Amino acid sequence: MIVSSESDDSGLGNPGRMARLGLRSKRIERINPGSVCDIYNGCESVFHGMTNSRIERQELPSPRYTYGGDDYVFVEVAEAMSFDANFTAQAITQEIRSRDRDDLIEVAPANASYLIQFDPERLHPDDLIEELKELGEEIDISEYRWEARVFDFPILYQDPWTHETLMQFRDRHQDPDATDLEYSAQINGFEGVQAFIDAHSGAPHMVTMVGFVPGLPWCFQMVPREEQIEVPKYRQPRTDTPGRAVGFGGAFTAIYPVRGAGGYQLYGRTPLEVLDVDQNLPDFQESMVLPNPGDILDFRQIDREEYDAIREEIEAGTYEYTYETVEFRPDEFFRRPHEYNRELVEAIE
Amino acid sequence: MIRVIDPGISTTVQDTGRFGHYHIGMPPSGAMDQFSHTVANYLVGNDEDAATLEMTYGGPDLAFERDALVAVTGADMSPAVNDEPIQAWTAVAVEAGDVLSLDFATEGARSYLAVAGGVDVPSIMGSKSTYTLIGIGGYEGHQLEEGDELAIADVPDRSDRAGTSVDASHRPDYGEGDRIRVVMGLCEYRLTDEGREEFLGATWKISDEADRVGYRLEGPDVEPMFEGREQPFGAGTDVTNVVDVGYPVGSIQMAGQPIVLMRDAVTGGGYATVGTVISPDRDRLSQSRTHSEIGFEAVDVETALDARAERDDRLEAIRTDVR
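Residues numbered from 1 in each chain as written. Chains lettered and ligands numbered in written order. Predicted model: local features only at pLDDT ≥ 70, side-chain atom pairs only at ≥ 80, totals over all residues. Heavy atoms only, no water.

(A) Inspection of the overall build of chain A at higher detail. For chain A, the helix and strand inventory stands at 9 helices and 13 strands. Residues counted as buried form 60% of the 349 residues belonging to chain A. Sequence-distant contacts in chain A: of pairs separated by 6 or more residues, those separated by 24 or more amount to 69%. Carbon and sulfur atoms make up 44% of the accessible area of chain A, which totals about 14,100 Å². (Helix = DSSP H or I, 4+ residues; strand = E, 2+ residues; numbered from the N terminus. Buried < 20%, exposed > 50% of the residue type's maximum accessible area, 1.4 Å probe, protein only. Contact = heavy atoms within 4.5 Å. Areas by Shrake-Rupley, 256 points an atom, 1.4 Å probe, with all protein chains shown as cover.)

(B) Geometry of the interface of chain A and chain B. At the junction of the two partners, chain A supplies 56 residues and chain B supplies 51 residues. Summed over both partners, the interface of chain A with chain B comes to about 4,100 Å²; 64% of that surface belongs to carbon and sulfur atoms. Of all residues in chain A, D70, E106 and F212 of chain A bury the most surface against chain B, accounting for 14% of the area lost on that side. For the pair chain A and chain B, the number of links is 4 salt bridges. Residue R308 of chain B is joined to D70 of chain A by a salt bridge in which the shortest nitrogen-to-oxygen separation is 2.7 Å. In this assembly, chain A and chain B are joined by 18 residue pairs in polar contact (both at pLDDT 80 or more). Residue contributions to the side of chain A that touches chain B peak at 5 residues, all from strand β4 (residues 104-109) of chain A. Looking at side-chain class alone, the side of chain A that touches chain B contains 31 nonpolar, 13 polar and 12 charged residues. (Buried area = accessible area lost by both parts, 1.4 Å probe. Salt bridge = Lys/Arg side-chain N within 4 Å of Asp/Glu carboxyl O. Polar contact = N/O pair within 3.5 Å; in protein donor to acceptor, adjacent residues only side chain to side chain. Nonpolar A, V, L, I, M, F, W, Y, C, P; charged D, E, K, R; others polar.)

(C) Molecular detail of the packing of aromatic side chains. What the rule picks out here adds up to 23 aromatic pairs over all chains. Taken together, a centroid distance of 6.3 Å and an interplanar angle of 65 degrees make the contact between F220 of chain A and F233 of chain B edge-to-face. Placement of F220 of chain A in strand β8 (residues 217-221) and of F233 of chain B in the loop between β15 (214-218) and β16 (241-246) is noted, with the two residues assigned to different chains. Just as F220 of chain A is buried, F233 of chain B falls in that class too. Here the aromatic residues F83, F87, W146, F220, F252, F328, F333, F334 and Y340 of chain A together with F233 of chain B are joined through ring pairs into a cluster of three or more. Sitting over the ring of F334 of chain A, R57 of chain A keeps its end group 4.1 Å from the ring centre. For R238 of chain A, the ring lying beneath its charged end belongs to Y234 of chain A, and the centroid distance is 4.6 Å. (Phe/Tyr/Trp six-rings, centres within 6.5 Å; stacked < 30°, edge-to-face > 60°. Lys NZ or Arg CZ within 6 Å of the ring centre and 35° of its normal.)

(D) Broad picture of helix α2 (residues 83-98) of chain A. All names here are of chain A. Along its 16 residues, α2 runs 22 Å from first to last C-alpha, staying within 8% of the 22 Å computed at 1.5 Å per residue. In terms of burial, α2 is a largely internal element, 15 of the 16 residues being buried. Remark: D100 follows α2 within two positions and exhibits a positive phi of approximately 50 degrees. (Expected span 1.5 Å × (residues − 1).)

(E) Seen up close, the pattern of salt bridges. All names here are of chain A. According to the stated counting rule, one finds 40 salt bridges over all chains in the structure shown. Two residues, D180 and R170, come together in a salt bridge whose shortest N-O distance is 2.8 Å. Of this pair, D180 sits in helix α5 (residues 180-187) while R170 sits in the loop between α4 (160-168) and α5, and the two are 10 residues apart along the sequence. Exposure remark for D180: the relative accessible area of 0% places this residue in the buried category. Residue class for R170 comes out buried when judged on its relative accessible area of 8%. Among the charged side chains, a salt-bridge network with shared partners connects E95, R99, R101, D103 and E131.

(F) Structural view of the sheet that holds strand β5 (residues 68-76) of chain B. Residue and element names in this part refer to chain B. Ordered by their spatial adjacency, 5 strands build an open sheet running β2-β3-β10-β5-β8, and the pairing between neighbours is antiparallel. Where the open sheet ends on each side, the last strands, each with one partner, are β2 (10-14) and β8 (91-94). Mean inter-strand twist for the sheet, computed between neighbouring axes without regard to direction, equals 25 degrees. Where strand β3 (residues 52-56) lies against strand β10 (residues 107-115), 4 bridges are found, and the strand directions are antiparallel. The residue bridging L53 from the neighbouring strand is L113, located in β10. Lying over the sheet, helix α1 (residues 34-43) contacts β2, β3, β5, β8 and β10, oriented at roughly 155 degrees with respect to β5. (Pairing = 2+ DSSP bridges. Axes fitted to C-alpha atoms, helices over the stretch in contact; angles between N-to-C directions.)

So, to be careful, I would describe these as geometric facts and stop short of saying anything about function.
This is how it looks when you write it as structure tokens:
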């Protein structure tokens, strides 16, 4: 992923930056800043009437730098999840990755932390930590920009497959008499399941981390803290979850790439693949994994008919994902999240 | 060509690992005991990144359909060619028609079979290693099955190396009660002082769930080792939960019981990790058997780096010896 800072006086001193900017400017779709107001007319309830709210900036603590054995450095930017913590982790890892160094083996951002594996024959962990500390001080995330892909992401909420699974594991759930959606709606103060679904699909979600298994995105909804959904995980993990299930745990939506164990509340199923091992689908030609950290998923509620139609195309290997590449601007997002989200989503409408 | 007569308990094609894709959730896979994998390759004149067979607990029976130079290292599985015992940690010439058989491991858990030229399977994302969870790498993405046919990469005849052997002083022994060295860190701050002491002082038994994904350990309850707190936003409700982090290979995840994450592990998640087994001891732990006991010894990062350099020096000495 390409990243750069807006101004040339950021002090990063990276000679590759201009070249990358040049490359990027050809690929970025310009965002149309107009006509944002009419799209969400009549959907005020989605935002609890807080259309003017901002993302409150978080004062981050001093990061914790620690060693992972002899070959990893782990940096916890903050204990709590926030856009500030995640964007900081993303900005630092994007910057260090763009330097194409051969003494680094893995550079992996996480929700509020990041992990780097290095080659101890070429680099001492203390030197790496020093460098990361300097980067942490230099990078101002409100000045950062990165290329993000905004994906249309259809979901069949209350689908029959995850419903069957969740009914099978009621004894492991906080509320055995309600479905996962009914429970989540209730503890988050929504009037009913549909109002909850409207909120979950009413603003886009940022992929703040990819992992656990290949292709699984952790998605953090791009709304102010007070509008965010928070739900506990199952009391005891299930031994089964259908592939492509859309789950929620803590403050994150997860999409299960393959069938397996899981502990997140089950809301629905997407017809889309996030992992295509055989790389049959056109959008998987470069990588078997679709989502990357920093991508944006716009969840959209669909009916069974559309679900089946998309599945047919996916299975035929002809489905093409709907997405646009945009320049993501944290400062704009922090200042006017709802409007900015609408502009982002407009790119794919 | 090598034809699989009997695949053994769990045999996979592995190399040094698949790197550069951790950020999309791809663990490295690769040989669990990199030391034994590397030495097996050196014995037959390969570079360390040639693919070998990793054989777990019980080895396979393999029919060679062409002449080859082979070497078996790691756990002792009483290797034999046409029922005649052969030396482990030694290059051995086999002929077309020979059957190489490996038995149950008497010491250690994993043996490695290298063939001059290397096992020839397609490279996926830069590695021949098998990752069975999503079925990539190795032989069609799965562990070997009866009737599978493995190609061997063509190389000039190396049979003059037959008899080359690793000096006894360089062969590890797989004793019980090993101290596994750990650099404490990651989310270690979540433990109380007493909890940390208890964790490091305890004897841990390797459970039945000990495989390429991770080693689940049995011992004292881990939850009381944690500092109580009001859980931060997004972390989840359990005291052992954190906002999801990336997990180093070798890190110890506190999920009900400690789990040492191995080379096919999940790349991240929401349980606190409290330390990382140092890389030479990941090799040793890979040879520790289910139901055996281990303890953890905290070391500082300089000790960890020295231990790694010592392992690398030893490998270099072996490489020079067997050249």
